[in-house]
Amino acid sequence: MDQVLTGTGWQGELLDLDAYLERIGYLGDRSPTIAALRALHRGHVTSIPFENLEIVLGRPIVLGVEALQDKLVRRRRGGYCFEHTELFAAALERFGFTFTALSGRVQLGAPELRPTTHALVRVEVDGGVWLCDVGFGSGPLAPLELVDGAESVQEGWAYRLERLTASQGGLPGVEQWALHERGPEGWVRRHVFTVAPSYHVDYHLANYYVSTNTRSPFTGRLYAQHFAPDVQHQLDDTRLTITRPEGPVETRVVDRDEVPKILAEVFGIELGADDTARLVAGLPKA
């Protein structure tokens, strides 16, 4: 039997589950139910930020539960999709969920074919199939039922799943889906994915590309996001953007010396003195 389909192979046995659940504020029952899945998903996306600071500071992104729980749980840092998804998968495994790790191609409206640089999870629970996307930085708050055309509005944030046909850019003979999100300019196709299982070795390869290739959006600038039920904060080098579910988008450029304080107060990320100095020195001047 396929290891990923049964939930094994994601190092759940190495996870300090108590510490992880404390990190995301989960107090519920530890059994594989849809209620538990929703609470785990919400807690994770609203507690652990999206960020690429290790890359900016010249250090590698290390996958595997031991490294991830040290960084994202004990040191209360954040990470990007491969880090988030592997940590979340380990928790799902400990709860006893049946799930499949997936890979996706980020589009954000781009027409060209892009590489598989996103990680997400398909979960089967209580007779339904759900998509968990905890590592994108902009929600959703809860799992999305994997049903063609299903739209979910979560406290004002809106998402839609669509099974792609060949005329919509789908691959022949492959079950391919698109996740759309509603932004200030309307609906945008966020990413596309197939339901073929991915493994740690797949994430390891994609992680290396995303964290080292000069064409990756994460190797040339600081990037951080924090998602909450009522607001999303995004820091792109020194450009701070604040987005609300159904309100205006606020954007301002901050002085680079303000960035450490913003990271600490808005994103919950605190760096040591040496890393702070290196980070600020590498940011553009106002």
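Okay, so let's go over this structure. (Residues numbered from 1 in each chain as written. Predicted model: local features only at pLDDT ≥ 70, side-chain atom pairs only at ≥ 80, totals over all residues. Heavy atoms only, no water.)

## Some thoughts on unusual backbone geometry
Consideration 1: Following Gly139, the chain continues into Pro140 via a peptide bond in cis, with omega recorded as 10°.
Consideration 2: Turning to its location among the elements, Pro140 is positioned in the loop between strand S4 (128-132) and strand S5 (144-145).
Consideration 3: Positioned with a positive phi, Gln11 is a non-glycine residue whose angle comes to about 60°.
Consideration 4: Take Gln11: it is sitting in the segment before helix H1 (17-24). (Helix = DSSP H or I, 4+ residues; strand = E, 2+ residues; numbered from the N terminus.)

## Some details on the nonpolar core
Consideration 1: Residues Tyr20, Leu37, Leu40, Phe82, Phe97 and Val123 are the most contacted members of the largest nonpolar core, which totals 46 residues.
Consideration 2: Of the residues forming this core, the biggest block, 9 residues, is contributed by helix H5 (residues 81-95).
Consideration 3: Those residues in contact with Phe82 that lie beyond four places of it in its chain are Leu63, Thr117, His118, Ala119, Tyr203, Ala206, Asn207 and Val210.
Consideration 4: Ranked by size, the runner-up nonpolar core spans 14 residues in total, among them Leu53, Leu235, Leu240 and Phe267. (Core = buried A, V, L, I, M, F, W, Y, C linked by side-chain atoms within 4.5 Å. Buried < 20%, exposed > 50% of the residue type's maximum accessible area, 1.4 Å probe, protein only. Contact = heavy atoms within 4.5 Å.)

## Quick word on the sheet that holds strand S7 (residues 157-163)
Strand pairing within a sheet occurs via backbone hydrogen bonds; the two strands may be parallel or antiparallel.
Consideration 1: Taken in spatial order, the 8 strands line up as S5-S4-S3-S2-S9-S8-S7-S6 in an open sheet, and their pairing is antiparallel. Edge strands, defined here as strands with exactly one partner in the open sheet, are S5 and strand S6 (151-154). (Pairing = 2+ DSSP bridges.)

## Concerning the packing of helix H2 (residues 34-47) against H5
Consideration 1: One way to put it is that H2 packs onto H5 with a least axis distance of 12 Å and a crossing angle of 155°. Regarding the angle of H2 to H5, the classification is roughly antiparallel. In this structure, H2 crosses over H5, and the sense of that crossing is right-handed. Between H2 and H5, the contacting residues are Ala36, Leu37, Leu40, His41 and His44 on the first element and His84, Leu87, Phe88, Leu92 and Phe95 on the second.
Consideration 2: Tallied by class, the residues present in the contact of H2 with H5 amount to 7 nonpolar, 3 polar and no charged. (Axes fitted to C-alpha atoms, helices over the stretch in contact; angles between N-to-C directions. Parallel < 35°, antiparallel > 145°, perpendicular 65-115°, else oblique. Left-handed = near helix turned anticlockwise from the far one by under 90°. Nonpolar A, V, L, I, M, F, W, Y, C, P; charged D, E, K, R; others polar.)

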